[in-house]
Structures are given as C-alpha cells and as structure tokens.
Amino acid sequence: MPHQKPRADLIIQHASQVVTPPPGPYPRRGEAMRELSLLPDGFIVICGEEIAAVGDSSILSGFTVDADTQAVDARGLTVLPGLVDPHTHAAYAGSREKELSLKLSGVPYLEILAAGGGILDTVRKTREASYQELKEVTRRRLDTMLLYGTTTAEVKSGYGLDTETELKQLKVISDLNREHPLDLIPTFLGAHAVPPEYRNHPQDYVELVLKEMLPACAPLSRFADVFCEKGVFSVEDSRRILSRAKDFGLGVRIHAEEMEPLGGAELAAELSAASADHLIRVTPQGIEALSRSGTAAVLLPGTSFYLGADFAPARALIQAPVPVALATDANPGSCPTESLPLIMNLALLKLKMAPEEIINAVTVNAAYSLFLFDRGIISPGKLADLALFSAPSYHYLLYHFGTNLVHTVVKRGRVVVREGRLVG
Ligand code: IZC
Ligand code: ZN
C-alpha cells in the first residue's frame, strides 16, 4: 500500500506576508517581543481544525489536494494569527451614550459610578434583559469582533451583581461559545461594583460574593476578576475574593491601578495571577513584582483614549521585563469598541510599542494571559485561527487606521469571514 498523503482541507496561497511570533519560548518578554517570523509569498495548509504546514508552494507536495480542498487566494493580503482579545465586558445590555456628555463636561468616571450611574446603569439594563435579549445583543458584538479579526475573546460577567443575573450572563457566554465561531473564555466579575441594594453596607456584598456568588458561578467560569480601585473594591477585599476563587480552581485576573495606585499589581504577583489589567498608575515596585511573577500585563489603551486619561507605561513594563498583552476592554462605558486593530494603532501611537511588540501582544501573549497554548502562532499543530488583512505588510496594518482592513478570517479551519463579510 503506498503511503497516503494527508488531505488538505484548506489552503491559503500566495500571501503577501505570513507574519507570526516565532516558535517559543512563551510568553514573549523584553527583547523577544520584537521578534517575528516573516514569510513572503506564503502558503498555509490546514487539515481539520489545525495548521498542518507553513512555507512556500513546495509544501503542497506533501498533501493530497482534491476537488474538496478549499483554496483562498491571499495575494495582496497579510496573514496574522487570529487575534486574541483577553479583556472584554461584551455581555451587556443597553448603552451609555448619555454618560459621554457628562464625562466631556468634566465629571470623572468614578463619580458617575458613585452617583449610581456608569456600571450600575448597565447593571439595571442587564438585570432587566431576558436571557434571549442579552444573548442576541452579545452575539452581534461577537460578530463585530470576528469581522475585525478576533478569533478568541475573554468575556466577563459583572453586570448582574446578583447571583441570578451573573449566572444569566455566564450562561449566555457559555451558550454563545458553543453557537458562535469565536472561542469565548468566561470570567466571573461579581466584584465589579457594589450594587445599589448594598450601598450602605458594602462589606455584606463582599460576603455575598464569597459565600454565594462565587460557589454558584465558578462552574461556568475559567477565571475570576475584581475591579480593585479606590471607592470600588480594596486590595484586602480583592485578596479575599481572588484567593477564594483559586480554591475553586479558577485562574485570577485583576483590574489594577487604572485610576489610583492601590497595589493591585503587587497583589496580582502575590496570587500568581494570569493577568493584571490597565496598570495606568502602576508603580516601579508594582512593575518589579509583576516581572518576578510571570503575570501578564494586559494593557487597554482604548480606555485611556476614551476617558482622556494617561496611558500605561508600556515601555517600562516591556523593559522590566513583564509579558505585555493588549485588549479592547470592550464595554459600554469606558471603551465602547470591539476593534482590536484600533487598539493596535493606539498601542503604536500612544503606548510607543513597536509594531512587532504589538503583534506579539495581540496573539501569543494574549493567549498566554488566558492560559491558552494552542493558538496565537502560525505553526504546524496549532489551531487554524487566521486573520487576513488587505495590507501588503504588517507595517501597513499598523499605519492605516479607522477602517476595517480584515478581508478573510479562518476559525478552527473554517472560513468564517470572506471579503469582509460574515459567511453563513
Ligand atoms: O461598564 O464601565 N472599568 N469596568 C471597570 C468598566 C470600566 C466597565 C464599565
Ligand atoms: Zn475592564
């Protein structure tokens, strides 16, 4: 019997550039964040859900190519690993455009929250929404993410602030993970704000999170997160909640040093957190602690841009070296966008990250921050998650902004976006 060559299910051919973080070690830190592999006139062969080969046209000789093999002509396109968005609040109802004029007239984000608006406004609308309504608005946001090249996204709860609604959000995330092409990683964020019914006794809310919400929500969650911020949850509350989350087998993420340097970064390091996010006000001690723990810094420059705030010290974090990832923070208040390419433009212009660092940050380092090691790089054996941009090079992709350059998206070996439109 002659040896049967594996059948190619999908071939990407003649890509202007195939761009990927090089093979390990992961995460990429320091100088290694500047490394990328580049392949001109690139070919990628996909079998099932995985990448089988990457190289020039000669790789095709190793495969059976027949009438059922699908081919994508990638001439003029730059191919990246499917983007990974490791910080979103995409499962919410309603919107908060009214808040924007308040913010523009100078009312700070935390003051709007303290007055019962902000997050609490979205909590009211998310409580009111039926499971089906919440699912449909969330599905539309996931469609947008896919159209902008994201193939994996973390999604947080945190707009219920009661057990029933947190579970409704997590159920929506879990069901959409099955129904929608995007892979979703669910995070329990019961400690996102103190709900109005606990306004005068916030410590009782922390007890509710610990004793009732966390045990109920842990089975539907992969991570737990806390909004550790002045006037929201203290470092001590955050430590109790996140330590308990670890007892339930959850990984830990933390909203840290967004507005005030409370020590959330040090807490993240102490707890061996998967990520510390925001870090606008992180101190040198906080950076030092993160560099020792291996915790990823997830930076959210879209939020700084939208709030008119300062930008996180990305250069100091990379130099430390802390593994840096980037995310949208997609949420209805401080960053209403689903576009990771926009965040990449902001990282270049405002965080002063190099194009190569940015690509590592939205692929392999973002995956690392979610404990995912099967994606974020274009290499045999990895998931066939790819984003193809109408751009002759990755430099063009970072230079051009405000329009969607995504041409084709492949998710687990399936073409899910073609010529900028959802397939099916
Ligand atoms: O809805 O405002 N920062 N949480 C912490 C958010 C922003 C989301 C929101
Ligand atoms: Zn957030």
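Above: the structure in question.
Right, let's talk about the overall build of the protein chain for a bit. A tally of regular secondary structure across the protein chain gives 15 helices and 17 strands. Taking 424 residues into account, the globule formula puts the C-alpha radius of gyration at 22 Å, and the protein chain, at 21 Å, falls close to it. For the protein chain, the C-alpha atoms occupy an extent of roughly 75 × 45 × 45 Å along the three principal directions. A separation of at least 24 residues holds for 74% of the contacts in the protein chain among residues at least 6 apart in sequence. Within the structure as shown, the protein chain displays about 16,100 Å² of accessible surface, and the carbon and sulfur contribution to it stands at 54%. For the protein chain, the separation between the mean place of its 41 positive charges and that of its 50 negative charges on side chains is 1 Å.

Another aspect to go through is the packing of helix α6 (residues 202–217) against helix α7 (residues 235–247). Two numbers describe how α6 lies on α7: the axes approach to 10 Å, and their chain directions differ by 5°. Relative to α7, α6 is oriented roughly parallel. Taking contact as the criterion, the partners of Gln203, Val206, Glu207, Val209, Leu210 and Leu214 in α6 are, on α7, Asp237, Arg240, Ile241, Arg244 and Ala245. Broken down by class, the residue content of the contact of α6 with α7 amounts to 6 nonpolar, 1 polar and 4 charged.

It is worth spelling out the packing of helix α4 (residues 131–147) against helix α5 (residues 163–179) at this point. Packing of α4 against α5 leaves a shortest axis separation of 10 Å and a crossing angle of 50°. As the angle between them shows, α4 and α5 are arranged oblique. Between α4 and α5 lies a crossing whose hand is right-handed. The segment α4 lies against α5, with Tyr131, Leu134, Lys135, Thr138, Arg139 and Leu142 engaging Lys168, Gln169, Lys171, Val172, Asp175, Leu176 and Glu179. Here the residues of the contact of α4 with α5 sort into 5 nonpolar, 2 polar and 6 charged.

We now examine the pattern of salt bridges. This model, assessed by the stated rule, comprises 33 salt bridges. With a closest N to O distance of 2.8 Å, Asp66 and Arg7 form a salt bridge. In this pair, Asp66 sits in the loop between β3 (50–55) and β4 (70–73) while Arg7 sits in the segment before β1 (10–20), placing the two residues 59 residues apart along the sequence. According to the relative accessible area criterion, Asp66 is partly exposed, its value standing at 32%. Given the relative accessible area of 31%, Arg7 is considered partly exposed. One salt bridge connects Arg127 with Asp162, and the closest N-O pair in it is separated by 3.3 Å.

What follows concerns the environment of Leu210. With respect to the helices and strands, Leu210 occurs in helix α6. Judged by relative accessible area, which is 8%, Leu210 ranks as buried. Residues Leu210 and Ser243 lie 33 residues apart in sequence; the distance between their C-alpha atoms is 9.9 Å. Setting aside residues no more than four positions away along its own chain, Leu210 makes contact with Pro215, Arg240, Ile241 and Arg244.

Rules of the game
- Residues numbered from 1 in each chain as written.
- Chains lettered and ligands numbered in written order.
- Predicted model: local features only at pLDDT ≥ 70, side-chain atom pairs only at ≥ 80, totals over all residues.
- Heavy atoms only, no water.
- Helix = DSSP H or I, 4+ residues; strand = E, 2+ residues; numbered from the N terminus.
- Rg over C-alpha atoms; globule rule 2.2 N^0.38 Å.
- Contact = heavy atoms within 4.5 Å.
- Areas by Shrake-Rupley, 256 points an atom, 1.4 Å probe, with all protein chains shown as cover.
- Lys, Arg positive; Asp, Glu negative; His and termini not counted.
- Charge placed at Lys NZ, Arg CZ, Asp CG, Glu CD.
- Axes fitted to C-alpha atoms, helices over the stretch in contact; angles between N-to-C directions.
- Parallel < 35°, antiparallel > 145°, perpendicular 65-115°, else oblique.
- Nonpolar A, V, L, I, M, F, W, Y, C, P; charged D, E, K, R; others polar.
- Left-handed = near helix turned anticlockwise from the far one by under 90°.
- Salt bridge = Lys/Arg side-chain N within 4 Å of Asp/Glu carboxyl O.
- Buried < 20%, exposed > 50% of the residue type's maximum accessible area, 1.4 Å probe, protein only.

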